[in-house]
Amino acid sequence: QVQLVESGGGLVQAGGSLRLSCAASGRTFSSYVMGWFRQAPGKEREFVAAINRSGGSTYYTNSVKGRFTISRDNAKNTVYLQMDSLKPSDTSVYYCAADRNGGSIVTMRVAYDYWGQGTQVTVSS
């Protein structure tokens, strides 16, 4: 069992930046593919970014490419999402998730086994 705790959300003006963190419990963090998802009111939860076990491979949804950066520190059991050039359309609750299969990066929500409680990101215009 893995527990994930997100932090770093908040209110920011359009064009600003935030860095989200997700701290994981347990000693098997480095064996998981980690992902970030987001969910806006009235919408389905959608994939944002993911990173493989070593951190050497990443994948992003098109709408955040060039603006968001996912990274991980396996020594600290933490995954990050650096969000720059934020837009009002980025307003959502952001969730981190862990895929215990640990193989290739996947974008489907159902592939992820563990989820955090979410952190609110609000971007004002």
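Positions within a chain are numbered from 1, following the residues in the order the chain's sequence is written. Selection of residues for local features in this predicted model requires a pLDDT of at least 70, selection of side-chain atom pairs for listing and counting requires 80 or more, and totals for whole chains, interfaces and linings are taken over all residues. Hydrogens are left out, water is left out, and the side-chain values use all remaining heavy atoms of the structure.

### Examining the nonpolar core
For soluble globular proteins, the rule of thumb is that nonpolar side chains tend to be buried together.
Line of reasoning, step 1. Counting residues in each nonpolar core, the largest one holds 28 residues, and the members touching the most others are Leu4, Trp36, Leu81, Met83 and Tyr94.
Line of reasoning, step 2. Strands are runs of DSSP state E lasting at least two residues, helices are runs of H or I lasting at least four, and both sets are numbered from the N terminus onward. Sorting the residues of this core by element identifies strand S3 (18-24), strand S4 (33-39), strand S5 (46-51), strand S7 (68-73), strand S8 (78-83), strand S9 (92-99) and strand S11 (119-124) as the ones contributing at least two each.
Line of reasoning, step 3. The element best represented in this core is S3, accounting for four residues.
Line of reasoning, step 4. Only buried Ala, Val, Leu, Ile, Met, Phe, Trp, Tyr and Cys residues count toward a nonpolar core, and they belong to the same one when joined by side-chain atoms within 4.5 Å. Buried, partly exposed and exposed residues are distinguished by accessible area as a fraction of the type maximum, computed with a 1.4 Å probe on protein chains only: under 20%, between the cut-offs, and over 50%, respectively. In this structure, Val33, Phe37, Phe47 and Ala50 belong to the second largest nonpolar core, which totals six residues.

### So, the sheet that holds S7
Line of reasoning, step 1. A pair of strands counts as paired when DSSP detects no fewer than two bridges linking them. One open sheet accounts for four strands, arranged S1-S3-S8-S7; its pairing is antiparallel. Two strands lie at the open edges of the sheet, namely strand S1 (4-7) and S7, each paired on one side alone. In this sheet, adjacent strand axes meet at a mean angle of 15° when their direction is disregarded. Axis definition: a line fitted to C-alpha atoms, over the contacting stretch in the case of helices. Angles run 0 to 180 degrees between N-to-C directions.

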